[in-house]
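# Summary of structural features
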Amino acid sequence: MAPTFIPTEDSPYLINHFMLSIIQAIELIAIVFSLPVVLLHNYCLTRSTIFHPNLVRIAQVYLSGNYFAIISRLTTHLYQVGVFHFDDENDFSKILLFIASTIRSYFLMSTVVFLVEVIIERTFAFYFVDDYEKKPRLWISTGILAVTLPTTFLVTIMTMIRIIPIKNVIIADCVMTIIFFIIFVVLYRVNVLRLHDLRAGIVHCETKNTLSIKFQLLENVRVMRLVMIAFTVGSVLTFIGIGLLGFALLVYYDQPRARQLCLALLDLLVALSTAVGFFAFLLIFNEWRQAIREWPLALKLCRILRIQLNEPSQAIDEHRGATDHYFNQLRRAWE
């Protein structure tokens, strides 16, 4: 007999079989598409000079966990469609499903935590605005991850074994998303206002420090603008996902068909948002062409599909180096 979260054809809780088949087919396509996209996205972050190393490390850890979550969802999906069969007498299948479900749940919780990690990192960027873009300060991302990763894992395990009620987790996720989204917007506005004050000459300090702070704030505002777009999209998707989960486990807990539909739509939402979202940011970063050139299998596939890859631009792409050079020119001119 299969677990309650895995529908079978003879289950009385199965809603319209055709509708579920369509949802599962689309989800499977999105899952398979997400596997190379997430890998390529993670690799592009290692090459990109757009973001600070601390932000890159936090994003890469999140992407790595996302990749394992995709594999775990693919495993449970194969159980759902009948490729794998669950056996009550087989301890291995029970352990495999528990591990896959735990990884999946951990990823769903870590999505909210990732937003928190970004806010903390950007707060440090504002606090060390004088030279944050010049110094790695990797202890910041290390400290953030050292606290958030085990805490999220502990909460996931406690939720899986029902120590923490799922209702409390849903409420906490909603509250955290709202609070930290407001904090992020306020932090962005503070950076913008401080930059405006510097440009208007309201802040009085030494010329060298003023120029340095101005450049660092420009970098911070530019990065935060990109992050805020991702933050906004992520918050909206998180609310939709939490809403579907809440409907499934709280509102329709005694209506199996409606509950199953909500859970199927939640899985579809996660799969589509992962595939489409990361692919969109690949295009925004514009690092994927060069990454594919260094990936022989992908390059061969592009040749087979006759996808043209433009030659790499000769323009300066090291924005921190360009910023330092420009700043030194201005400082020498002022002196």
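Residues numbered from 1 in each chain as written. Predicted model: local features only at pLDDT ≥ 70, side-chain atom pairs only at ≥ 80, totals over all residues. Heavy atoms only, no water.

### Some remarks on empty space enclosed by the protein
Rules: With a 1 Å grid laid over protein atoms only, a set of points is called a cavity when a 1.4 Å probe fits there but cannot get out and a pocket when it is open yet has protein on both sides within 12 Å along at least five of seven lines; lining residues have an atom within 4 Å of a point. Grid points are joined across faces, edges and corners, and a volume is the space filled by probe spheres set on the points. Helix and strand labels come from DSSP, where a helix needs a run of H or I of at least four residues and a strand needs a run of E of at least two; each type is numbered from the N terminus.
For the structure on display, the rule yields one cavity of 30 Å³ or more. Its volume calculated, the largest cavity comes out at about 80 Å³. Within the residue set of the lining of the largest cavity, elements represented by two or more residues are α1 (17-47), α2 (53-80), α3 (91-127) and α7 (256-285).

### Describing α2
Rule in force here: A helix is expected to span 1.5 Å multiplied by its residue count minus one.
Under the 1.5 Å per step criterion, the end-to-end length of α2 is 40 Å for 28 residues, consistent within 8% with the ideal 40 Å. Immediately downstream of α2, the backbone of Gly82 shows phi near 90°, a positive value.

### Considerations on the pattern of salt bridges
To keep things clear, this is the line we draw: Should a side-chain nitrogen of Lys or Arg be within 4 Å of a carboxyl oxygen of Asp or Glu, the pair is scored as a salt bridge. Using a 1.4 Å probe on the protein chains alone, a residue whose accessible area is under 20% of its type maximum counts as buried, one over 50% counts as exposed, and one in between counts as partly exposed.
The tally for this structure, following the rule as stated, stands at four salt bridges. The partner of Glu27 in a salt bridge is Arg73, and the shortest N-O contact between them spans 2.4 Å. With Glu27 in helix α1 and Arg73 in helix α2, this residue pair connects regions lying 46 residues apart in the sequence. Arg73 carries the same exposure label as Glu27, and that label is buried. Across the salt bridge formed by Arg73 and Asp267, the nearest N and O atoms sit 3.3 Å from each other. Taken together, the positions of Arg73 in helix α2 and Asp267 in helix α7 put the pair 194 residues apart, joining distant regions of the chain. Look at the salt bridges and you will find they share partners, linking Glu27, Arg73, Arg104 and Asp267 into a network.

### Some points on the UniProt feature "transmembrane region" (unreviewed entry) in the chain
What counts here: UniProt positions are given in the numbering used here, feature names are shortened, and annotations may be inferred rather than shown by experiment.
Under the UniProt annotation, "transmembrane region" (unreviewed entry) lies at residues 20-43, 55-75, 95-118, 138-164, 170-190, 226-253 and 265-285. Taken end to end, residues 55-75 comprises 100% helix and 0% strand; its first and last C-alpha atoms sit 30 Å apart.

### A few points about the packing of α2 against helix α4 (residues 138-160)
The cut-off we apply is this: Axis lines are fitted through C-alpha atoms, for helices just across the contact stretch, and the angle between N-to-C directions can take any value from 0 to 180 degrees. Here roughly perpendicular refers to angles of 65 to 115 degrees, roughly parallel to angles under 35, roughly antiparallel to angles over 145, and oblique to all remaining angles. Two helices that cross are described as forming a left-handed crossing if the nearer one is turned anticlockwise from the farther one by less than a right angle, and a right-handed crossing if clockwise. Contacts between residues were defined by any pair of non-hydrogen atoms, one from each residue, lying within 4.5 Å. Three residue categories are used. Nonpolar comprises Ala, Val, Leu, Ile, Met, Phe, Trp, Tyr, Cys and Pro, charged comprises Asp, Glu, Lys and Arg, and polar comprises the others, including Gly.
Where α2 meets α4, the axes come as close as 8 Å, and the angle between the chain directions of the two elements is 30°. Regarding the angle of α2 to α4, the classification is roughly parallel. Of the two possible hands of crossing, α2 and α4 adopt the one that is right-handed. Packed against α2, whose contacting residues are Pro53, Asn54, Arg57, Ile58 and Val61, the element α4 presents Leu138, Ile140, Ser141, Thr142, Ile144, Leu145 and Leu149 at the interface. Taken together, the residues of the contact of α2 with α4 break down into eight nonpolar, three polar and one charged.

### Examining the side chain of Gln60
Here Gln60 lies in helix α2. Given the relative accessible area of 17%, Gln60 is considered buried. Filtering out sequence-adjacent residues up to four positions away, Gln60 remains in contact with Asn42, Leu45 and Thr46.

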